[in-house]
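Close look at the chain arrangement
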Amino acid sequence: PAYDLAAFRADLGAIATEDNPKLVKQKSRDFFWYSPVLKRQLDDVTADLVVTPKSEAEVVAAVAAAYRHGVPLTVRGAGTGNYGQAMPLSGGAILNLAEMTAVKAIGSGFVVAEAGAIIEAIDTATRAHSGQELRLHPSTYRSATIGGFIAGGSGGVGSVRWGGLRDHGNIIRARVVTCEATPRVLDLTGDDMHKVSHAYGTNGVITEVEMPLTAAYDWVDVLCGFDDYVTAARFGDALARQDGLLAKEIAVVAAPVPHDYFLRHQKFIRRDQSVAVLAIAPFAIGAFAAFAARMQAEILYRSDTASDEEKKGLPPAYELTWNHTTLRGLRVDPSITYLQTLYPAPDHLEKVATIAGIFGDEVPEHLEFVRFDGDVACFGLPIVRFSTEERLEEIIALYEANGCPVFNPHRYTLEEGGMKQTDAVQLAFKREADPKGLLNPGKMIAWEDPEFDFTSEKTYLFKGLRVAG
Ligand code: FAD
């Protein structure tokens, strides 16, 4: 490496480190391999060292040491990002927050937790304390950290009710350590949150967060079957608009994906059925059943009425949604890949029908209904039956030509992965908070190569990419 590893380690003092290359490599990987493109580019990327602080004071000391020695630092929660967010492109150290898991305070409508707390563990604490739960969680509820969700995620289960993570009010506060000679500890609130939310840890280390809570329920998992995918999409949209009918999750997955990939639920699903995967509040289940009957939805499964025998071994319904749909597909057919797209309102259902007509079974669609500023729209997380990288680019171009932006999960930079442009606020904060550019190098094009031409249709290739020999 271009820095003195031994001197860096000596400077870390009592902070826990790990240099066993096998273990370091394990902690240098996330779910980048979901993408055949990222797999080709990043498979050999690895850090030199894992540093595991136990407290904010240790984070401050570790960051100060990295600054002194010029060591690239990539923060890691649980490493479940699927855009290669946590891949240490320049090597250096992984700053592993997995041991900072304390739930520090719970009150009416809020929780304060350390960044490394697992999302499910936070909910377990808030449920026991006062029957509350987080508004939103990724489908990686059982493994992802709250800090990783804020720095690397966007929304998920709950977004149909509450919107996305970056919408006003969905994060109350983030406490951030800067990467300077003398690191500062800042409590960011209001608009300042946007400096670090979804910034991939390129401009600060989040040590603690304050998140809003809502009433907790024992959500009822429901699967509804439809003969036709577009009808299923209309049902999902109509359900999302039932203001009195509390749903936490509404996904629609086109046939034959539910039957072919939801192996544990396969017994409930015919191969030609498109399926709506839902989580409904128990108090609303009667109203929901009436609504479903009126919409001619066939209820295939309901967790509140299924027998213990039927429920045996089934994952929760949210683990059929968001990127878990893709994961289940990859387990059955490793040759598939996926995309993340948006069907903007108000004509999203027309776009859904158009896109389905263009691709058919080459791109079986998967929709996630969400609220945007009070309106309903949907994301697409389609399965793509992958042939070549060129065809994948063509498919992306066809989505975009039909008014559906693609958040390309085959790119590792913030800009190409979805933002589409430089986020001036994040860039300005990086200038201030990471003057040496040590935090997660290679992920923010605006920092690495301000001249990069986004209209060139070229993929950005990070010059500092260092791969293991
Ligand atoms: P990591 O992968 O460890 O990190 C993510 C990014 O944040 C990295 O850039 C990392 O450097 C940075 N980071 C981590 N912790 C910090 C910190 N404390 N301070 C600063 N930067 C930090 N995402 C969604 O938004 N919604 C979903 O529903 C969803 N479903 C998924 C399903 C599957 C099967 C998979 C594989 C991924 C899914 N994702 C989803 C992506 C990912 O799970 C989420 O973004 C998740 O919240 C990341 O948490 P993590 O702890 O694993 O973060």
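An account of the accompanying structure is given in this report. (Residues numbered from 1 in each chain as written. Predicted model: local features only at pLDDT ≥ 70, side-chain atom pairs only at ≥ 80, totals over all residues. Heavy atoms only, no water.)

**Some thoughts on the overall build of the chain**
Within the chain, the regular secondary structure consists of 17 helices and 19 strands. Radius of gyration (C-alpha) of the chain: 22 Å, near the 23 Å computed for a compact globule of 469 residues. Based on the C-alpha atoms only, the size of the chain along its principal axes is roughly 70 × 50 × 40 Å. Relative to its full complement of 469 residues, the chain shows a buried share of 57%. Across the chain, contacts joining residues at least 24 apart in sequence account for 72% of those joining residues at least 6 apart. Surface summary for the chain: the accessible area is close to 18200 Å², and the carbon and sulfur share equals 52%. Of the side-chain charges in the chain, 46 are positive and 61 negative, and the distance between the mean point of each set is 3 Å. (Helix = DSSP H or I, 4+ residues; strand = E, 2+ residues; numbered from the N terminus. Rg over C-alpha atoms; globule rule 2.2 N^0.38 Å. Buried < 20%, exposed > 50% of the residue type's maximum accessible area, 1.4 Å probe, protein only. Contact = heavy atoms within 4.5 Å. Areas by Shrake-Rupley, 256 points an atom, 1.4 Å probe, with all protein chains shown as cover. Lys, Arg positive; Asp, Glu negative; His and termini not counted. Charge placed at Lys NZ, Arg CZ, Asp CG, Glu CD.)

**Quick look at the pattern of salt bridges**
Once their charged atoms are close, side chains differing in charge can pair, the charge on each being opposite to the other. With the rule as written, the count across this model stands at 36 salt bridges. A salt bridge links Glu 133 to Lys 248; the shortest N-O distance between them is 3.0 Å. In this pair, Glu 133 is assigned in strand 7 (residues 132-134) and Lys 248 in strand 12 (residues 247-253), connecting sequence segments 115 residues apart. Across the pair Arg 173 and Asp 187 runs a salt bridge, and its minimum N-O distance is 2.7 Å. A residue pair is termed long-range when its members are at least 10 positions apart, and Arg 173 in strand 8 (residues 173-177) and Asp 187 in strand 9 (residues 185-189) qualify at 14 residues. We classify Asp 187 as partly exposed; its relative accessible area is 38%. (Salt bridge = Lys/Arg side-chain N within 4 Å of Asp/Glu carboxyl O.)

**Details of the sheet that holds strand 18 (residues 375-380)**
The strand order across the open sheet formed by seven strands is 14-11-13-12-17-18-16, and the pairing between neighbours is antiparallel. At either margin of the open sheet sits one strand with a lone partner, and together these are strand 14 (298-302) and strand 16 (341-343). Direction aside, neighbouring strands of the sheet carry axes that sit 25° apart on average. Inspection of the sheet shows strand 17 (residues 366-372) paired to strand 18 by six bridges, in the antiparallel sense. Paired with Phe 369 across the two strands is Cys 378, which belongs to strand 18. (Pairing = 2+ DSSP bridges. Axes fitted to C-alpha atoms, helices over the stretch in contact; angles between N-to-C directions.)

**Digging into the packing of aromatic side chains**
Scanning all chains against the criterion turns up 16 aromatic pairs. Plain terms: the ring middles of Phe 372 and Phe 379 are 5.8 Å apart, the flat faces sit at 70° to each other, and that makes the pair edge-to-face. An angle of 70° between the planes, with centres 6.0 Å apart, marks the rings of Phe 379 and Phe 407 as edge-to-face. Separated by 28 residues along the polypeptide, Phe 379 in strand 18 and Phe 407 in the loop between helix 14 (389-401) and helix 15 (414-419) bring together distant segments of the chain. Aromatic rings pair up to connect Phe 31, Trp 33, Tyr 34 and Tyr 338 into one cluster. (Phe/Tyr/Trp six-rings, centres within 6.5 Å; stacked < 30°, edge-to-face > 60°.)

**Thoughts on the side chain of Thr 207**
Inspection of the secondary structure puts Thr 207 in strand 10 (residues 205-215). A polar side-chain atom of Thr 207 sits 2.8 Å from a polar atom in the side chain of Glu 56. (Polar contact = N/O pair within 3.5 Å; in protein donor to acceptor, adjacent residues only side chain to side chain.)

**Looking at the layout of surface pockets**
Reported here for the second largest pocket is a volume of approximately 550 Å³. Lining the second largest pocket are 15 residues; nearest its centre among them are Glu 393, Glu 400, Asn 408, Phe 454 and Glu 457. Tallying contributions element by element places helix 14 first for the lining of the second largest pocket, with four residues. Looking at the lining of the second largest pocket residue by residue, the classes come out as five nonpolar, two polar and eight charged. A domain split of the lining of the second largest pocket shows at least three residues from each of domain 1 (1-216 + 418-469) and domain 2 (220-401). (1 Å grid on protein atoms, 1.4 Å probe; cavity = no way out; pocket = protein on both sides within 12 Å on 5 of 7 lines; lining within 4 Å. Points joined across faces, edges and corners; volume = space filled by probe spheres on them. Nonpolar A, V, L, I, M, F, W, Y, C, P; charged D, E, K, R; others polar. Domains from an automatic or database assignment.)

**Quick word on helix 16 (residues 424-433)**
Of the positions making up helix 16, those classed as buried are Gln 426, Leu 427, Phe 429, Lys 430 and Ala 433. Buried residues of helix 16, seen end-on, are gathered within an arc of 165° and therefore sit on one face of the element. What points out from helix 16, more than 90 degrees from its buried face, is the exposed set Ala 424 and Arg 431. (Arc of directions from axis to C-beta.)

**Structural notes on the site of the ligand**
With respect to spatial proximity, 38 residues lie near the ligand, and among them Val 75, Gly 77, Thr 80, Thr 145 and Gly 155 are the closest. Interatomic distance of 3.0 Å between a side-chain N/O atom of Thr 140 and an oxygen atom of the ligand. Between the ligand and the protein, one listed contact pairs an oxygen atom with a side-chain N or O atom of Thr 145 at 2.7 Å. Elements with a minimum of two residues in the shell around the ligand: strand 3 (73-76), helix 6 (146-152), strand 10 and helix 12 (323-332). In terms of residue count, helix 6 provides more of the shell around the ligand than any other element does, five residues in total. Partitioned by chemical class, the residues of the shell around the ligand number 16 nonpolar, 21 polar and one charged. Both domains that meet at the shell around the ligand, namely domain 1 (1-216 + 418-469) and domain 2 (220-401), each give it at least three residues. (Near = heavy atom within 4 Å.)

**Notes on the environment of Leu 42**
Looking at where Leu 42 falls in the secondary structure, it is placed in helix 3 (residues 36-42). On a C-alpha basis, the gap between Leu 42 and Tyr 412 in space is 9.3 Å, while along the polypeptide they are 370 residues apart. For Leu 42, the contacting residues outside a window of four places in its chain are Phe 32, Met 87, Leu 89, Tyr 412 and Leu 465.

**Remarks on the pairing of strand 8**
The element strand 8 is largely enclosed, with a buried count of four among its five residues. Pairing of strand 8 with strand 10, which is carried by five bridges, proceeds in the antiparallel orientation. Bridge pairing in strand 10 links Val 177 to Val 205. Bridging between strand 8 and strand 9 involves five bridges; their strand directions are antiparallel. Among the inter-strand pairings, Arg 175 is bridged to a residue of strand 9, identified as Asp 187.

**Things to note about the environment of Ala 151**
Relative to the helices and strands, Ala 151 resides in helix 6. Measuring from C-alpha to C-alpha, the distance between Ala 151 and Thr 202 comes to 9.0 Å, with 51 residues separating the pair along the chain. Ala 151 has contacts with Val 196, His 198, Ala 199, Tyr 200, Gly 201 and Ile 206, leaving out every residue within four places of it along the chain.

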